[in-house]
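These are the residues of each chain, in order.
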Amino acid sequence: MNTSTSTGPVRTVRHPEGVVELRLAAPDRGNSLDLETAEALRDAALEVAADPGGAVLLRAPGGSFCVGGDLRAFTGRGTGTGAYVHAVASAAHTAVQALYDLPVPLVTAVRGAAAGGGIGLALVGDIVLAARSARFRLAYTAVGLTPDCGASWFLPRLVGPRRAAELILTNRVLTGDDAERWGLVSRSVDDGELDDTARRTAAALVAGAGDALRAAKGLLRVGTGDDLRRHLADEARSIAALADGREAQERMASFLSAKSVS
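To start, this report covers the structure provided alongside it.

Taken together, three strands build an open sheet; the order of strands is 6-8-9 and the sheet is mixed. Two strands bound the open sheet, and with one partner strand each, they are strand 6 (113-115) and strand 9 (174-175). Relative to strand 9, strand 8 (residues 135-137) is paired through two bridges, and the arrangement is antiparallel. Across the sheet, the residue bridging to Phe136 is Leu174, located in strand 9.

A separate point is the packing of aromatic side chains. Evaluated as defined, the whole model comprises four aromatic pairs. With 5.6 Å between their ring centres and 90° between their planes, Tyr100 and Trp153 make a pair best called edge-to-face. Remark: Trp153 occurs in helix 5 (residues 151-159) and Tyr100 occurs in helix 3 (residues 81-100); sequence separation between them is 53 residues. Accessibility classification places Tyr100 together with Trp153 in one group, the buried group. The interplanar angle of 55° and the centroid separation of 6.2 Å between the aromatic rings of Tyr100 and Phe154 together place this pair among those described as tilted. Of the two residues, Tyr100 sits in helix 3 while Phe154 sits in helix 5, which places them 54 residues apart along the sequence. The class of Tyr100 is buried, set by a relative accessible area of 5%. Over the ring of Trp182 we find Arg163, and its NZ or CZ is 4.2 Å from the ring centre. A cation over an aromatic ring shows up here: Arg221 above the ring of Tyr100, its NZ or CZ 3.9 Å from the ring centre.

Right, let's talk about the pairing of strand 7 (residues 127-131) for a bit. In terms of residue burial, strand 7 counts as a mostly covered element, since four of its five residues are buried. Direction of pairing for strand 5 (residues 106-110) relative to strand 7: parallel, over a ladder of four bridges. From the neighbouring strand, Val110 faces strand 7, where its bridge partner is Ala130. Relative to strand 10 (residues 187-189), strand 7 runs parallel, the two being bridged by three bridges. Each residue of the ladder has a partner; that of Ala131, found in strand 10, is Val189.

Moving on to helix 9 (residues 210-221). Here helix 9 is 12 residues long and its end C-alpha atoms lie 17 Å apart, about the 16 Å a rise of 1.5 Å per residue gives. A positive backbone phi angle near 80° is found at Gly223, which sits one or two residues after helix 9.

Within this model, the largest pocket holds a volume of roughly 570 Å³. Together, 29 residues line the largest pocket, and Val67, Gly68, Gly69, Leu71 and Phe255 are the ones closest to its centre. When contributions to the lining of the largest pocket are tallied by element, the ones reaching two or more residues are helix 2 (71-74), helix 3 and helix 11 (246-261). At four residues, helix 3 tops the list of elements feeding residues into the lining of the largest pocket. Residue classes in the lining of the largest pocket are distributed as 18 nonpolar, five polar and six charged. Its volume calculated, the second largest pocket comes out at about 340 Å³. Together, 17 residues line the second largest pocket, and Leu123, Gly125, Phe154, Leu158 and Arg221 are the ones closest to its centre. Contributing elements (two or more residues each) for the lining of the second largest pocket: helix 5 and helix 9. The biggest single contributor to the lining of the second largest pocket is helix 5, with four residues. For the lining of the second largest pocket, the residue count by class is 10 nonpolar, four polar and three charged.

Quick notes on the rules
Residues numbered from 1 in each chain as written. Predicted model: local features only at pLDDT ≥ 70, side-chain atom pairs only at ≥ 80, totals over all residues. Heavy atoms only, no water. Pairing = 2+ DSSP bridges. Helix = DSSP H or I, 4+ residues; strand = E, 2+ residues; numbered from the N terminus. Phe/Tyr/Trp six-rings, centres within 6.5 Å; stacked < 30°, edge-to-face > 60°. Buried < 20%, exposed > 50% of the residue type's maximum accessible area, 1.4 Å probe, protein only. Lys NZ or Arg CZ within 6 Å of the ring centre and 35° of its normal. Expected span 1.5 Å × (residues − 1). 1 Å grid on protein atoms, 1.4 Å probe; cavity = no way out; pocket = protein on both sides within 12 Å on 5 of 7 lines; lining within 4 Å. Points joined across faces, edges and corners; volume = space filled by probe spheres on them. Nonpolar A, V, L, I, M, F, W, Y, C, P; charged D, E, K, R; others polar.

Taken by themselves, the reported measurements are silent on function.
Have a look at this one:
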């Protein structure tokens with residue numbers, strides 16, 4: 001029997017085979033990160049880190065994985081925007097760090113849009129699966145901001161500095177198939193197979209040699225955890241400082257206005 005230990009925008013579901021699932025559960029707004037959602041993600045990630053089972057699965061039922069920061073929550077705060085954005089980023093970053101530091105394998109499953117902070121949440125997985133129709137787009141510079149949630153740390157390590165720069169500076173969109181070719185994700189699968197493939201992948205890891213898997217993951221993470229922690233702090237400071245500026249305020253308002261018209 002599955003047991004759910006939380007409600008709200010982020011939920012934790014413990015499956016009987018030992019998979020612990022973190023579920024982004026606000027599909028009506030693309031699982032965007034306002035302060036409430038970022039804090040719920042932080043709390044859920046810390047809860048899972050304390051008792052991770054044999055493997056963790058991060059996914060988002062619905063049309064999108066995570067569209068990044070909730071720009072509606074970011075705008076209209078005047079000089080308080082930067083402080084609010086810093087609080088959102090800090091909470092989300094605690095979640096990213098907790099997920100990165102998990103002793104057991106983490107599988108992430110991406111469908112629909114993964115943008116902004118959603119990129120970091122997707123890439124924190126040890127095994128990242130994407131639906132073929134998934135869309136990866138950084139989108140930060142389009143609204144006058146810089147990356148958060150570890151995106152500017154993960155990308156150069158996964159795709160190299162040149163491709164990372166292109167993705168961050170030009171906001172190029174990658175499909176799930178593109179992301180596999182670039183090395184951004186482990187595999188792309190047919191849309192209808194994503195959830196089943198992700199669940200089977202996590203369950204197979206639970207059934208594997210647990211001690212060996214934990215030790216192997218530990219070797220892959222040697223010397224990187226503190227580096228990520230420092231980088232996340234730098235990302236939070238950068239995005240918060242820019243969020244208070246006129247350019248970001250105007251660009252975020254323009255983006256929201258364009259969306260409401262379309």
